[in-house]
Amino acid sequence: MLSQKLFVGSHAPYWHNRSSITEKNCHIMIACLPAVIFGIFQFGVPALRVVLFSVSCAMIWEFLMNLAMKRPATIGDGNAALIGLLFAMLLPAAIPWWGVVVGTLLAIIVGKQIWGGIGCNPFHPSLVALAIIMLSWKGMLDFDEALVNYDFGFAAAYPLAAVKYFGSSAVENYPLSGLLMGRQVGGIGVTFGLGLIIGGLYLIIRGFIRWEISLSFLVGIFFTALFFNYANPENYAAPMFHILSGYTLIGAFFLLTEDSSSPVNFLPMLIYGLLAGVLTVLIRNIGFFVDGVVFAVLLLNVANPLLDKIRPKAMGGEIENA
Amino acid sequence: MIKRSFFGLAKPKLKTPAVAVGRQSDIKAIPLPQKVTLLLKSDEIGEGGLLIQIGDKVRTGQRLRIGDEDRTYCISPVTGTVCSIARHTGYLGRSFRSITIEATEEDQWDQEFGTEGGTPSQDNALRFLGSLPGAPEFKNLLDPRFPIKIVVISGMDRDLLVETNRHLLRTDRGDLKQGIEVLKKIRPVGRVVLAVPSDLVAKAPQSGVEVKVMDIAYPYTLPRLMVEKILGEAVPATGKLEEAGVGFVSAEAVMALGKAFRDRVMPVEKVLTVIGKDESPTVVRVRVGTPVRDVLESLNIEAGHGDRIVFGGPMAGQAVYSLDAPVGVDTDALMIQDTTEVIPWADTHCVNCGECVRACPADVPVNMLVRFLENGLFEEAAERYDLFSCVECGLCSYVCIARIPIFQYIMLGKYECNRMNQAEESHA
């Protein structure tokens, strides 16, 4: 019997397009690189320290959680590293080391693992961590406070905070080209707008993220900001300012498009992006927080299962509730 | 190979290579094997058990009654002696009885069909031709209980790389025309539609049949999707096509039907495409019941340890685990896949990327469906997430980045739902 040939018996299909989660996460991390590398040049070694530490911590937490839960190690799928990288991109370069440790712990364990691991998280893990840190240690994510010791050679005030507290006249300090080319303060990986756009377009063209979500988010922001600006140009900044400042671009291409917490059908994706855009500007302009992206995305993450109920009728299916 | 639109508004599809004209002029015949095996569904065997016994002598084309009813039978593809009868479990736990016949080299043709059943009538077709090469359930098409209004004859091949039907059409010398005439006599219906790829339109008969040109792109070669295109609307997802008034039959079966009544001999041969490890197809003609081993040996194809042997094509075929597995009337292709090409499935969760939803030709919410199926909630899956709308193309598994065996879960769900329904009916 031992010399008998054994054949692989499994279910169809016998071909696969060879895509994998590891591949996808690696591509998303590659797409992050232009913005991250720019951030490291801008903020120096402290930024590099935060990025490396965050990615490592996230992977360690994931591995420890795997051990604790007696599950196979999942750090190989790259998801923990991606969560760590995205979390670092949102942070100011001068964040204390324990902020990164606690943040990645929250991201990996509270944001992802307690729900059941990859694919089960209802929110974007990095944003869960960021939101908790934002509410718990107010000063830690205040970019003006965190980056006070830097000398950049351009208006070194966080643009969104400036606009919020000084009205739209503050926008004059931030030419759009400057915002696009990274002449602003902010998180390590969010200041270089052009880099984020290049990364995002790469992901869209390669099919790793959906254009519907990114585009509708930017459209939502543009038109809501336009409306505010039209109603009261003195208090509210112009739409393009909102698109190029704060977490908008990283939100559009990297946060909102996270698989597990975003819808998959066409119309729901558009609604999801659009509402997140509207909510972002509402929070920025009349809400309490300086930047609205974090809470707008988290709120729409909650709405995702409901939105995804809008779907086409399946072939040959009966009409529901008929 | 997969073609998808950038904006995701059109459904992705896989292009299947058109049959290379003239590369293989004729169909290679595989010599008569020493043993053939027939698989009979256990539920067709009557109360009294199998009517065939070890040691029975059979002739080629002989009708072997297997159950109490006159309509349950199989056709012996060879002349010889029944040498073993065994139980066998097949795909989805279906229980089979296998009858192995030791064949003699000379064929002695059974005369029953030639003398009694030679005129084309519904009764004769049901008595002798309840299953045909390429149409194992041909009797459904003839069943008067089904209100059949349209018969679709498919000149297309279901799966990728398979070219059985297309090759037969290309080399056809009038069998199809004859078959369509017989089909119309034995089951008069309003419309007979022949679905062919554009390069084979010239092979369609000039009259008596409506010709529809089809795009050779998977999954649009599957019965339900072809019927949807021809009728302009989808048939109800639950139930057979025949219940919705649509007969679906392959060109191979129709050609076998025509030939049977013209030459007054039972069809005992099956044409199949053998797909080698390099994905090159060879079209061969074998006796029904020939073991895979004989087919591979005569083509000098080596199947080694860890390879995969598939009945059918790469997307929707069924893997077999033994070289003794016999070619059946429904085996359109035989694929050998090298062990290095075998991609294992994973037990990762669904990450909700939505690739399957965009790939599904039947608009099934696969991302939700698979969550229910993974957790054994089959009834909910059927009621709320359109389990039975699935046309069984396998594209969801093909594109899954988490490598979840979605297609397998779907088939399991359908099987379990059917089992529950049957149990309820029998206890009602």
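What counts, and at which threshold
- Residues numbered from 1 in each chain as written.
- Chains lettered and ligands numbered in written order.
- Predicted model: local features only at pLDDT ≥ 70, side-chain atom pairs only at ≥ 80, totals over all residues.
- Heavy atoms only, no water.
- Helix = DSSP H or I, 4+ residues; strand = E, 2+ residues; numbered from the N terminus.
- Rg over C-alpha atoms; globule rule 2.2 N^0.38 Å.
- Buried < 20%, exposed > 50% of the residue type's maximum accessible area, 1.4 Å probe, protein only.
- Contact = heavy atoms within 4.5 Å.
- Areas by Shrake-Rupley, 256 points an atom, 1.4 Å probe, with all protein chains shown as cover.
- Lys, Arg positive; Asp, Glu negative; His and termini not counted.
- Charge placed at Lys NZ, Arg CZ, Asp CG, Glu CD.
- Pairing = 2+ DSSP bridges.
- Core = buried A, V, L, I, M, F, W, Y, C linked by side-chain atoms within 4.5 Å.
- Axes fitted to C-alpha atoms, helices over the stretch in contact; angles between N-to-C directions.
- Parallel < 35°, antiparallel > 145°, perpendicular 65-115°, else oblique.
- Left-handed = near helix turned anticlockwise from the far one by under 90°.
- Salt bridge = Lys/Arg side-chain N within 4 Å of Asp/Glu carboxyl O.
- pLDDT = per-residue confidence, 0-100.
- Buried area = accessible area lost by both parts, 1.4 Å probe.
- Polar contact = N/O pair within 3.5 Å; in protein donor to acceptor, adjacent residues only side chain to side chain.
- Nonpolar A, V, L, I, M, F, W, Y, C, P; charged D, E, K, R; others polar.

Draft legend 1. Layout of the overall build of chain B. Scanning chain B from N- to C-terminus turns up 13 helices and 19 strands. For chain B, the C-alpha radius of gyration of 21 Å lies close to 22 Å, the compact-globule estimate for 428 residues. Along the first, second and third principal axes, the C-alpha atoms of chain B reach 60 × 55 × 50 Å. Across the 428 residues that make up chain B, the buried fraction comes to 55%. Taking as baseline every contact in chain B between residues at least 6 positions apart, the subset at least 24 positions apart corresponds to 67%. Of the roughly 18300 Å² of accessible surface on chain B, 48% is carried by carbon and sulfur atoms. If you average the places of the 50 positive and of the 57 negative side-chain charges in chain B, the two averages end up 4 Å apart.

Draft legend 2. Representation of the sheet that holds strand E9 (residues 95–103) of chain B within the structure. Judged by pairing direction, the sheet is antiparallel, and its four strands sit side by side in the order E4-E9-E8-E5 (chain B) without closing on themselves. Edge positions in the sheet fall to strand E4 (35–41) and strand E5 (57–58) of chain B, since each of these pairs with one other strand and no more.

Draft legend 3. Local environment of unusual backbone geometry. The omega angle of the peptide bond from Ala12 of chain A to Pro13 of chain A is -5°, so this bond is cis rather than trans. Here Pro13 of chain A shows up in the segment before helix H1 (21–43). Note that the residue after Tyr218 of chain B, namely Pro219 of chain B, is joined by a cis bond; omega there is 5°. Backbone geometry places Arg264 of chain B, a non-glycine residue, at a positive phi of 55°. In this structure, Glu392 of chain B takes a positive phi of about 65° despite not being glycine. Residue classification places Glu392 of chain B among the partly exposed residues on the basis of a relative accessible area of 29%.

Draft legend 4. Region of interest: the environment of Val102 of chain A. Residues and elements named next belong to chain A. Looking at the secondary structure, you find Val102 in helix H4 (residues 97–110). A relative accessible area of 26% means that Val102 is categorised as partly exposed. In sequence terms Val102 and Gly178 are 76 residues apart; their C-alpha atoms lie 33 Å from each other.

Draft legend 5. Local environment of the nonpolar core. Residues Met89, Leu130, Tyr247, Ile250, Phe254 and Val294 of chain A are the most contacted members of the largest nonpolar core, which totals 94 residues. Broken down by element, the residue count for this core peaks at 10 residues, all from helix H3 (residues 79–90) of chain A. With sequence-adjacent residues up to four places away left out, Ile250 of chain A is seen in contact with Leu86, Met89, Leu90, Gly189, Val190, Leu196 and Leu255 of chain A. Within the second largest apolar cluster, 54 residues are counted, among which are Leu369, Cys393, Ile404 and Ile410 of chain B.

Draft legend 6. Seen up close, the packing of H3 of chain A against helix H5 (residues 125–136) of chain A. All names here are of chain A. Here H3 crosses H5 at 40°, and the two axes come no closer than 8 Å. With respect to their mutual orientation, H3 and H5 come out oblique. Between H3 and H5 lies a crossing of right-handed hand. Here Ile83, Leu86, Phe87 and Leu90 of H3 come into contact with H5, specifically with Pro125, Ser126, Leu127, Ala129, Leu130 and Ile133.

Draft legend 7. Focus on the pattern of salt bridges. Residue and element names in this part refer to chain B. By the definition in use, this model includes 28 salt bridges over all chains. One salt bridge connects Arg127 with Glu112, and the closest N-O pair in it is separated by 3.3 Å. With Arg127 in helix H2 (residues 122–128) and Glu112 in helix H1 (residues 112–116), this pair connects stretches of sequence that are 15 residues apart. A relative accessible area of 19% places Arg127 in the buried class. Given the relative accessible area of 22%, Glu112 is considered partly exposed.

Draft legend 8. Region of interest: the confidence of the model for chain B. When pLDDT is averaged across chain B, the result is 88; 94% of the residues are at 70 or more. Across the predicted assembly, pTM comes out at 0.92 and ipTM at 0.91.

Draft legend 9. How the structure looks around the interface of chain A and chain B. In this complex, chain A contributes 48 residues to the contact, which on the side of chain B involves 77 residues. When chain A packs against chain B, the two sides together hide about 4900 Å² of surface, and 58% of this comes from carbon and sulfur. Contact with chain B buries surface across chain A, with Tyr14, Trp15 and Met315 of chain A losing the most and accounting together for 20% of the total. One can count three salt bridges joining chain A with chain B. Between Glu341 of chain B and Arg18 of chain A there is a salt bridge whose closest N-O contact spans 3.4 Å. Counting the contacts that link chain A with chain B gives 25 residue pairs in polar contact (both at pLDDT 80 or more). If you list the elements that add at least two residues to the side of chain A that touches chain B, you get H1, helix H9 (193–206), helix H10 (211–231) and helix H13 (266–286) of chain A. For the side of chain A that touches chain B, the class distribution of residues is 19 nonpolar, 17 polar and 12 charged.

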